[in-house]
Amino acid sequence: MAPRKPIKPTSKTESKRELKSENKKRQERPKNNEPGLWDKTKAFVTDERIRFIAGILLLIGVLYLLLAFISYFFTGAADQSKMDLPFGELRQLRTEIQNWTSVTGALIAETLIHRWFGVSSFAIIFFTGVIGLKMLKVKTPSVWKSFFHASFWLIWLSITLAFAVNPFVKDRIFFAPGGQHGEAISDWMNSYVGYPGTLMILIATFLVYCIVSSKATIPFLKRLFFKKSKEQPADQAGYDEDTDETEPSVAVGTEIVPEDWVVKGNNMQEEEFSIQPENEPVAEEVSDVHFEIEKPKESEENKAVDAVETTSANEENDDPFYNIAKLGKYDPTLDLTHYAPPTLDLLKIYGTDNDTQIDMVEQNANKDRIIKTLQNYGIEIETIKATVGPTITLYEIVPKAGVRISKIRNLEYDIMLSLAATGIRIIAPIPGKGTIGIEVPNADPQVVSMHSVIASKKFQESKFELPVAFGRTITNEIFMVDLAKMPHLLVAGATGQGKSVGLNAIITSLLYKKHPSQLKLVLVDPKKVEFNIYGDIEKHFLAKLPDGEDAIITDTSKVVETLNSLCKEMDDRYDLLKKAHVRNIKEYNEKFFNRNLNPEKGHRFLPYIVVVVDEFGDLIMTAGKEVEMPIARIAQLARAVGIHMVIATQRPSVNIITGVIKANFPARVAFKVSSMIDSRTILDAPGANQLVGRGDMLFSQGNDLIRVQCAFVDTPEVENVVHHISRQQSYPTAFYLPEYVSPEGENIDLSSVDMTKRDPLFEEAARLIVASQQGSTSLIQRKFSIGYNRAGRIVDQLEVAGIIGPFEGSKARQVLVMDEYHLEQIFKHM
C-alpha cells in the first residue's frame, strides 16, 4: 500500500494563521504614539504653571538687581577696593561689604555699572521686568519692542555719557557714568572721526531712533526746521509708540489672528495646537481645525477723551446751538448762556473698562468642546474663529462642504450641555459672512460702564440729532443710534433684566449731549419711582401740561391728557411747517436761525420732544384705546416735527404690543424674556429668550439683530448728573404743552355760568387777553399763577361776556374785542 501523502493546508487555513501571526507581532510592537522627549520638554516649558513660577522668579531677581544698583551709588566707593579680589577671598570678606545685597549684589553692580555700561545698565532691569510680567500674562509692551528700546538706550546712553560726562567727573566720583564700555567705544570713535564727528554720529543715531519709534518725529522736525505757519492736520498729529501695530495688546472685544493657531487638517496625524496671543506660545492643544481670535479694533472713535477735550468738542461743534459767534443768527441757548453740560467725573468707572485680558484657557476649552460635540454627530468643520465681547464670545465656524445648516442648528441644546453654559444662541448663517455663529456667555462677564461709552470719541464727536449710546457690541465697539432717524423705540424684557437701566442710559445720553433749549422730555412713570429722580431738572429739560403739578406723569388720566396734548402740539407744528414751506423740523429751525421766519406771525423755535413711557402694559390695562390711539398717531406722524417716543413694557404679549404699535415702532430693543413666543412678539424673531440677562440685549431696526451689552448707569450716577444740571440757571417754568380740552368740554352750557359771581381776576384776565390777542387758558394760568380749573372758569366767563369766541377744537379761541376802550364799555354794561 502506498504511503499517504500529507495534506496541504488550504488557502483559507493559511490566511487565518497569517492573520494571527500579524496580530501577535502588532501587539508586541512598541507603541509609537507616545510623546517623545522633545514633546515632553516642550509641554513642560509651555505649561502655564511653569511660566507663572518663572515669571515670579524673574520679578524677584529684578527687584534684587534694582536694590543692588541703587545701593551701589551710596556704598560703591567703600566696596570698590574689594571688588578686584578673587571671589573666594571676597566671600570671606562678605561681612565687610556695605552694599544692601551683600557680595553678590555688589559684584553684579560693580561689573554692570562701572566696568560695562554705566548708568544705562538700568535698561537691563527694564527688559528683564518686561519678560517677567509677560510670563504672568500682565499687559505689557511687545517683547521685541522692549528689546529694541532697551538695547538702544543701553548702548547709546553708555557711549553718550562716556563722551559728554566722563571727562568732567572722572576724578570726582568713584564710577564712570558711561562705564568702561562707553569709554572704550567713545575713545575709538574720537580717534577716527574726532570729537565733532562723534557728536554728530550720536545726534544722528538718536534722530534715527526717534523716527523709527515714533511717527510724530517727522512732523515735529518739519515744524522745527521749516517753521510752518499752519498747524498740522489732525490726522497727521498725535502719533506715538502706542500706535505701533507690531504687537497689539489683548483686551475684551479683541480679535487676534496668530499664525501658530492654524493647523492643517488634511492628514490623519495629530499636530500641535498652541495659543499665541502675542507671538509667544502659551498652551498646547491638539486639533485639526483652524481656530482664530480676530485682531483688536483699536478704533479712534472708541478711545476715551478727557474733560478738556469734551469741552472743546462742544465748542467746536458745527451745530449752531454751540456756535454763538455767528452774528445775525438766532441762538436759542442765549437764555441759558452759562449752562454747562454734565462732566465725565459724575459717572463711575468700573474696573479698567476696556483693558481686561482674554482668558485663553476658557477660549481653548470652549473651542475644543464645540469641535468635539460637532464631531460626535458627524459634523466636520474647517475653521473656527472667536470674537470675545464684554459678556459673550461669538464663535464663527465654517463647516466642510456637504454639511446641512439645519443639522448644526438642531444641536443647540447639545452644545449648551457640553459647554455647561446658561444659554447659547446659534446664528445660522451670519448674514453677509457665510459662517455659522455660536454665541456663548463668558465665565467672567465684564461691566460696560456708562463712563466708557460717554467718554468715547465716537459719542463726543457724533453729529446725531438725538444721540443714544446703548453700550458695546461683541467686537467691543461703541453702539450708538440716532433717535431722530429711528424714529421711535420699543423696549421690552422680563422683570430685572436691565430694562430700567436701559431707559436711564437713553436719558443720560441725551442729557450729556443736548442743551436744555434743544430737548424736552415727557416722562410717564406709572410705577411712580423709576423717573422720580429726574424731577429736579423740571425747569431745564422736562415738559408738562399747563395745569400739571408734577412734571413726572404718574396718573393714568393725566397720561391720556398729555398724549392728546402732544397730538395737538404735533398738529400745531405741522401748521408751522406748512406756513414755512418746509418738510421737517431741521429745515424749519434752520430757517428760524437765519431769521427767515417772523415770530410775530406765530413762528417759534421748535425743540425736540422725547416721550419716555415706562410700564406701557399697565397703561394699556387701565386706559386701553384711550392710550393706544394717541400713541399710534404720534408714532405715525410726529417724526417730521421732532416728537419721538420710547415705550417700555415687561409684558411683551400680543394684547400689549399690538399690531398698530409694532407697525409704527420699527426700532426695537429686547432684553431677556422667558419664552420664544415673547421674543417673536418683540423682534419677530427668536433669540431674546437665549440672552443671559443683566443688560444683555438685542437691537433690531430691520432684518438684522445686533447683540449689545447695555451700559450700566447706577442710581447715584444719575443723581450726580441731575444734581449738576439742577444747580445751574434754569427757565422760569417747565416747557408747557398745549392746552387740551376733552371732547366733553366742547359743548359747555353757557347758561350755567353765573356772571354775578365773577372771579376776582376776571377784569385783569380780560385786559391780558385783549392786550395779547390770545384767548388761551394756559396764558391766564401762567400769568396769574393759578390752577387749570380756575383759569377754565375765567375763560367760560370771558366767553359769556363776549370778549372771546367759542371753543374751536385745536385752534385758539378768537378774541372779539380789539382794544381796551371797547373792553371798558363791556365792563360798564355788566
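Below or above, wherever it landed, is the structure these notes cover. (Residues numbered from 1 in each chain as written. Predicted model: local features only at pLDDT ≥ 70, side-chain atom pairs only at ≥ 80, totals over all residues. Heavy atoms only, no water.)

Some points on the sheet that holds strand E11 (residues 519–524)
Paired through their backbone hydrogen bonds, the strands of a sheet run either parallel or antiparallel. The strand order E9-E8-E17-E16-E15-E10-E14-E13-E11 describes an open sheet built from nine strands, whose pairing is mixed. Looking at strand neighbours, the two that pair on one side only are strand E9 (478–482) and E11, the edges of this open sheet. Pairs of neighbouring strands in the sheet enclose a mean axial angle of 30°, with direction left out of account. (Pairing = 2+ DSSP bridges. Helix = DSSP H or I, 4+ residues; strand = E, 2+ residues; numbered from the N terminus. Axes fitted to C-alpha atoms, helices over the stretch in contact; angles between N-to-C directions.)

Quick look at unusual backbone geometry
Cis geometry marks the peptide bond from methionine 486 to proline 487, where omega comes out at -5°. Inspection of the secondary structure puts proline 487 in the loop between E9 and strand E10 (489–492). Even without being glycine, arginine 694 reaches a positive phi, approximately 55°. Here arginine 694 is to be found in the loop between helix H24 (676–683) and strand E16 (696–700). For arginine 694, a relative accessible area of 74% gives the class exposed. (Buried < 20%, exposed > 50% of the residue type's maximum accessible area, 1.4 Å probe, protein only.)

Here we look at the pattern of salt bridges
Enumeration according to the criterion identifies 21 salt bridges in this entry. Here glutamate 110 and arginine 115 are joined by a salt bridge, their closest N and O atoms 3.8 Å apart. Residue classification places arginine 115 among the partly exposed positions, given a relative accessible area of 27%. A salt bridge links glutamate 569 to arginine 573; the shortest N-O distance between them is 2.8 Å. Separated by four residues within a single helix, glutamate 569 and arginine 573 lie in helix H19 (residues 556–580), roughly one turn from each other. Since its relative accessible area comes to 3%, glutamate 569 is described here as buried. Given a relative accessible area of 0%, arginine 573 falls into the buried group. Salt bridges sharing partners connect three or more residues here, namely Arg425, Glu439, Asp696 and Arg707. (Salt bridge = Lys/Arg side-chain N within 4 Å of Asp/Glu carboxyl O.)

Side note on the packing of helix H17 (residues 499–513) against helix H25 (residues 715–726)
Closest axis-to-axis distance for the H17/H25 pair is 11 Å, and the angle between their directions is 30°. The pairing of H17 with H25 is recorded here as roughly parallel in orientation. For H17 against H25, the interelement crossing comes out left-handed. Where H17 abuts H25, its residues Asn504, Thr508, Leu511 and Tyr512 lie against Val718, Val721 and Ile725. Grouping the constituent residues of the contact of H17 with H25 by class yields five nonpolar, two polar and no charged. (Parallel < 35°, antiparallel > 145°, perpendicular 65-115°, else oblique. Left-handed = near helix turned anticlockwise from the far one by under 90°. Contact = heavy atoms within 4.5 Å. Nonpolar A, V, L, I, M, F, W, Y, C, P; charged D, E, K, R; others polar.)

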